[in-house]
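Okay, here's what each chain looks like letter by letter:
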Amino acid sequence: ALSAAALGVVASSPASSAQPVAPAHSGFQVKVLATGVGGNINPDDIAVLGKDVFVGYQNGVGAMGEPASGTGTTTSTIVEYKKKKVDQTWQITGKCDGMGADASTGEILATVNEDGNSSMYAIHPATKKVVHLTYNVDPISLGGGGTDAVSVINGKILISGSNPSSLTAPAVYSASLDETTGVTTLTSVFADNATATGPSGSVTLGLTDPDSNAVVPSVSPKYAGDFALVSQADAQVIFVNGPGTAGQTLTQLPIATNIDDITWVTSTAGSLYMTDNSSNTVYQITGTFTPGTVFVDTASDSGVPGTLSTLNLTTGQVTPMVIGFTNPHGLMFIPAA
């Protein structure tokens, strides 16, 4: 892992960082969007539908759905923020660790229990309807654990296969939802030991921690139109061209330290939204952006903890832009209206 000193920053310890700090040269401003709703805690993943921001609060629930210590709660709360104010909330059973939006259906898709006992929910904000879907196959039976982040690319729903116990487990699933029967059919897109092109040629992957994912926009300087999978503990991003097709190809980008989430800037004007899981805070970061810039955040277990950083898609270098967060998790860019 790359140290904070090696990156040219002085990162104070999370306990001493009352307020994140954006260097003057970065041109960014940090604001608090929310600090929890009705006692909900541990904000994690973020999804965007239109201009509305959806945040999943885990409320201390365990990674396999175990009741939260002290409170006994077994539900996560999904909060919809419309124009920075709470619009709607939903309770779903389990620990919500992954979310995505399907603009074609107007749904928010949320997965629960990333280590095991996993399933997913389809939330319809327009009608307030919530549908619980079980999987046609238990990921554990495939050498996996649970499911995590969700992205929709070219009409295809892709879900990270988290906490694998075997390298033959699916790293990414394609998901087909049947909300009438309440079943989601999972199909492996590629395994944790798939072959990819690395910096020096062909490599056999050994992914141990598939986590966040994203769709690479057309403005990206590299990998435009690909699906990107962050394997957090392995400190790498896997770019998939043509995911789920016969001609799909994988490219491995090793990165300087382990990151949690990833997003691309698509406009000069807009905002980054980021959750801090341990401080129960959702931040809005504004400034003048360069389209195609890749932002990542680093959680408390990173070699450079508690930062909002940029990522170089050629070298894998991580450069902090804002420091002093406690435990960043979800990250998303939304262009200005």
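**Considering the overall build of the protein chain**
Helix and strand content of the protein chain: zero helices and 26 strands. Every one of the 337 residues in the protein chain was classed for burial, and the buried ones make up 56%. Across the protein chain, the fraction of contacts at a sequence separation of at least 24, relative to all contacts at a separation of at least 6, is 54%. When the accessible surface of the protein chain is summed, it comes to about 12800 Å², and 51% of that surface belongs to carbon and sulfur atoms. In the protein chain, 11 positive and 25 negative side-chain charges are present, and the distance between their average locations comes to 15 Å.

**Regarding the sheet that holds strand β24 (residues 307-311)**
Reading across from one edge, β20-β23-β24-β25 is the order of the four strands in this open sheet, with antiparallel pairing throughout. Edge positions in the sheet fall to β20 (261-264) and β25 (318-323), since each of these pairs with one other strand and no more. Strand-to-strand twist in this sheet, taken as the mean axis angle between neighbours without regard to direction, amounts to 30°. Relative to β24, strand β23 (residues 294-298) runs antiparallel, the two being bridged by four bridges. Considered in β24, the bridge of T298 is made with T307.

**Re the environment of E80**
Tracing the backbone through its elements, the reader meets E80 in strand β4 (residues 75-82). Sequence-wise, E80 and M332 are 252 residues apart; in three dimensions their C-alpha atoms are separated by 14 Å.

**Overview of the packing of aromatic side chains**
Under the definition given, this model contains eight aromatic pairs. Centroid distance F239 to W264: 6.5 Å. Interplanar angle 80°. Geometry classified as edge-to-face. Separated by 25 residues along the polypeptide, F239 in strand β18 (residues 236-241) and W264 in strand β20 bring together distant segments of the chain. The residues F239 and W264 share a single accessibility class, namely buried.

**Things to note about the pairing of strand β7 (residues 107-112)**
Most of β7 sits inside the fold, with six of its six residues counted as buried. Every second residue of β7 is oriented toward a common face, with E107, L109 and T111 on one face and I108, A110 and V112 on the other, all of them buried. Relative to β7, strand β6 (residues 96-102) is paired through six bridges, and the arrangement is antiparallel. Counted as the bridge partner of A101 is I108 from β7. Between β6 and β7, which pair antiparallel one after the other, the connecting turn spans four residues, and G106 there sits at a positive phi close to 70°. The sheet contact formed by β7 and strand β8 (residues 119-124) spans five bridges and is antiparallel. Counterpart to A110 in the pairing with β8 is Y121.

**Structural notes on the sheet that holds strand β26 (residues 328-335)**
The strand order across the open sheet formed by four strands is β1-β22-β21-β26, and the pairing between neighbours is antiparallel. Both edges of this open sheet fall to β1 (29-34) and β26, since each of them pairs with a single strand only. In this sheet, adjacent strand axes meet at a mean angle of 25° when their direction is disregarded. With six bridges connecting them, strand β21 (residues 270-276) and β26 associate as antiparallel partners. Counterpart to M274 in the pairing with β26 is L331.

**Focus on the layout of surface pockets**
Volume-wise, the largest pocket comes out at about 710 Å³. For the lining of the largest pocket, the secondary structure elements donating two or more residues are β2 (43-49), β6, β10 (146-153), β16 (210-215), β20 and β26. Residues that form the lining of the largest pocket fall into these classes: 20 nonpolar, seven polar and four charged. Surrounding the second largest pocket, 24 residues form its lining, D97, E114, D211, Q232 and H329 being those nearest its centre. When residues of the lining of the second largest pocket are traced back to their parent elements, those giving at least two are β2, β10, β16 and β26. Among the elements that line the lining of the second largest pocket, the one with the most residues is β16, at three residues. Each residue belonging to the lining of the second largest pocket can be placed in one class, and the counts come to three nonpolar, nine polar and twelve charged.

**Topic: the confidence of the model for the protein chain**
The predicted coordinates of low-pLDDT regions are not to be read in fine detail. Per-residue confidence for the protein chain gives a mean pLDDT of 92, with 93% of residues at or over 70. Below a pLDDT of 50 lies the segment residues 1-18, which in the model reaches 26 contacts outside its immediate sequence neighbourhood of four places, other chains included.

**A look at unusual backbone geometry**
Phi at N42 is positive, roughly 60°, even though this residue is not glycine. Note on placement: N42 falls in the loop between β1 and β2. Phi is positive for N280, close to 55°, though the residue is something other than glycine. Topologically, N280 is positioned in the loop between β21 and β22 (281-286).

**Some thoughts on the side chain of T147**
For T147, the position within the fold is in strand β10. Engagement of the side chain of T147 in a polar contact is seen with the side chain of S118, the distance being 2.7 Å. A distance of 2.7 Å separates the side chain of T147 from the side chain of Y135, its partner in a polar contact.

About the criteria used
- Residues numbered from 1 in each chain as written.
- Predicted model: local features only at pLDDT ≥ 70, side-chain atom pairs only at ≥ 80, totals over all residues.
- Heavy atoms only, no water.
- Helix = DSSP H or I, 4+ residues; strand = E, 2+ residues; numbered from the N terminus.
- Buried < 20%, exposed > 50% of the residue type's maximum accessible area, 1.4 Å probe, protein only.
- Contact = heavy atoms within 4.5 Å.
- Areas by Shrake-Rupley, 256 points an atom, 1.4 Å probe, with all protein chains shown as cover.
- Lys, Arg positive; Asp, Glu negative; His and termini not counted.
- Charge placed at Lys NZ, Arg CZ, Asp CG, Glu CD.
- Pairing = 2+ DSSP bridges.
- Axes fitted to C-alpha atoms, helices over the stretch in contact; angles between N-to-C directions.
- Phe/Tyr/Trp six-rings, centres within 6.5 Å; stacked < 30°, edge-to-face > 60°.
- 1 Å grid on protein atoms, 1.4 Å probe; cavity = no way out; pocket = protein on both sides within 12 Å on 5 of 7 lines; lining within 4 Å.
- Points joined across faces, edges and corners; volume = space filled by probe spheres on them.
- Nonpolar A, V, L, I, M, F, W, Y, C, P; charged D, E, K, R; others polar.
- pLDDT = per-residue confidence, 0-100.
- Polar contact = N/O pair within 3.5 Å; in protein donor to acceptor, adjacent residues only side chain to side chain.

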